[in-house]
Amino acid sequence: LTLRVRVPASSANLGPGFDVLAAALGVWMELEVEETGRFEVRTELSIARDRRNLAVRGFAALRPVDDVRFTIRSDIPLSGGLGTSAAAYVAGLAAADALNGGGADLLAEAVRLEGHPDNVAAALLGGFVICTGERAERLEPPDGLSAVLVVPDRAVRTSKARAALPEEVPMGDAVFNVGHASLLVLGLARGDLELVARGLDDRLHQPRRASLYPRSTELVSRARSFGALGATISGAGPTVLVWVRSAEAGAVAGRLEGEAAGWARVMAVPFAGSGVEVERTSAG
Ligand code: HSE
């Protein structure tokens, strides 16, 4: 039996929604799982090919891997902030669950493996997600909204970015973020892109991580001058998610190319309405 699983990249935080908000992006990872009688990982990516591989670990959470061949392809950049680890866990979990006949709580399993819910919920459900603990609510991407990614060549580890955050934050910063996250969600729900633009600011995590990726941080602060609605650090960074009206995506991407020359690449991508998809490709 062969299964093919397709999982989207994702951008977490979306500015004010640290560890709560995320969106699925139309850049994909593909996992093929085949019961060949022998454990093997085939991939051209520079990732682990043994049992430390994250897709393998996702699969192993629900089903033995000893007689399974995993083939992994991905267009998701690996430098950080686009939910590759979440996509890999979700791909492995979804494949194992399908072989088991379904029934697992994939979100709970994925949160346990990843440690926080935002990226895994977006990878599973697609669209925009609002996460609290192990529960997630989903919103359809509004019409006319697109993303341009600025992906730095140099990676930053998520663990380092998490270590940059304090245990406690000032009440004023918390209030600022509750207000802006509320505007953002209302804007997404109404399809009001002006409201989305007003809701993108953050005072909890981006300022405290700024020294990890000064160029990304500077780009976020200047995004509106390129014709964008705004920009946010994607997840723990260093990738920047530039929010644009779809009709302007090409022009904004063009202007960003000049800015990114020498340190990052620019990719125009749609927000993805669909999350993980599993397809049976042959009967065994
Ligand atoms: N919400 C997480 C963070 C996403 O910002 O640390 C990173 O995977």
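Residues numbered from 1 in each chain as written. Predicted model: local features only at pLDDT ≥ 70, side-chain atom pairs only at ≥ 80, totals over all residues. Heavy atoms only, no water.

Engineer: I'm lost on the site of the ligand in this one. Help?
Structural biologist: As a matter of local geometry, the ligand sits amid Ala12, Asn13, Phe18, Asp19, His116, Asp118, Asn119, Thr158, Arg162, Arg209, Gly235 and Ala236. Interatomic distance of 2.8 Å between a side-chain N/O atom of Asn13 and an oxygen atom of the ligand. For the ligand, the accessible surface in isolation is 260 Å², of which the surrounding protein chains cover 95%. Sorting the residues of the shell around the ligand by element identifies α4 (118-125) and α5 (158-163) as the ones contributing at least two each. Looking at the shell around the ligand residue by residue, the class counts come to 3 nonpolar, 5 polar and 4 charged. (Near = heavy atom within 4 Å. Polar contact = N/O pair within 3.5 Å; in protein donor to acceptor, adjacent residues only side chain to side chain. Areas by Shrake-Rupley, 256 points an atom, 1.4 Å probe, with all protein chains shown as cover. Helix = DSSP H or I, 4+ residues; strand = E, 2+ residues; numbered from the N terminus. Nonpolar A, V, L, I, M, F, W, Y, C, P; charged D, E, K, R; others polar.)

Engineer: Would you take a moment to explain the nonpolar core for this structure?
Structural biologist: As a rule of thumb, soluble globular proteins bury nonpolar side chains together. Counting 70 residues, the largest nonpolar core has Leu25, Leu31, Phe59, Phe70, Phe128, Trp243 and Phe271 as its most contacted members. Among the elements that take part in this core, helix α2 (residues 84-99) stands out by supplying 11 residues, more than any other. Judged by nonpolar contacts, the second largest core, of 22 residues, contains Val156, Phe226, Ala228 and Trp263. (Core = buried A, V, L, I, M, F, W, Y, C linked by side-chain atoms within 4.5 Å. Buried < 20%, exposed > 50% of the residue type's maximum accessible area, 1.4 Å probe, protein only.)

Engineer: What exactly am I supposed to notice about the sheet that holds strand β10 (residues 264-270) here?
Structural biologist: Pairing between the strands of a sheet comes from backbone hydrogen bonds, and it takes one of two forms, parallel or antiparallel. Across the sheet, which stays open at both edges, the 4 strands sit in the order β8-β9-β7-β10 with antiparallel pairing between neighbours. With one partner strand each, in any of the chains shown, β8 (230-233) and β10 form the two edges of the open sheet. Averaged over all pairs of adjacent strands, the angle between strand axes in this sheet comes to 25°, irrespective of strand direction. As paired elements, strand β7 (residues 145-152) and strand β9 (residues 240-245) share 6 bridges and run antiparallel to each other. In the sheet register, Leu149 faces β9, and the bridge partner there is Leu241. Across the sheet, helix α10 (residues 249-260) touches β7, β9 and β10, and the angle it forms with β7 is around 15°. (Pairing = 2+ DSSP bridges. Axes fitted to C-alpha atoms, helices over the stretch in contact; angles between N-to-C directions. Contact = heavy atoms within 4.5 Å.)

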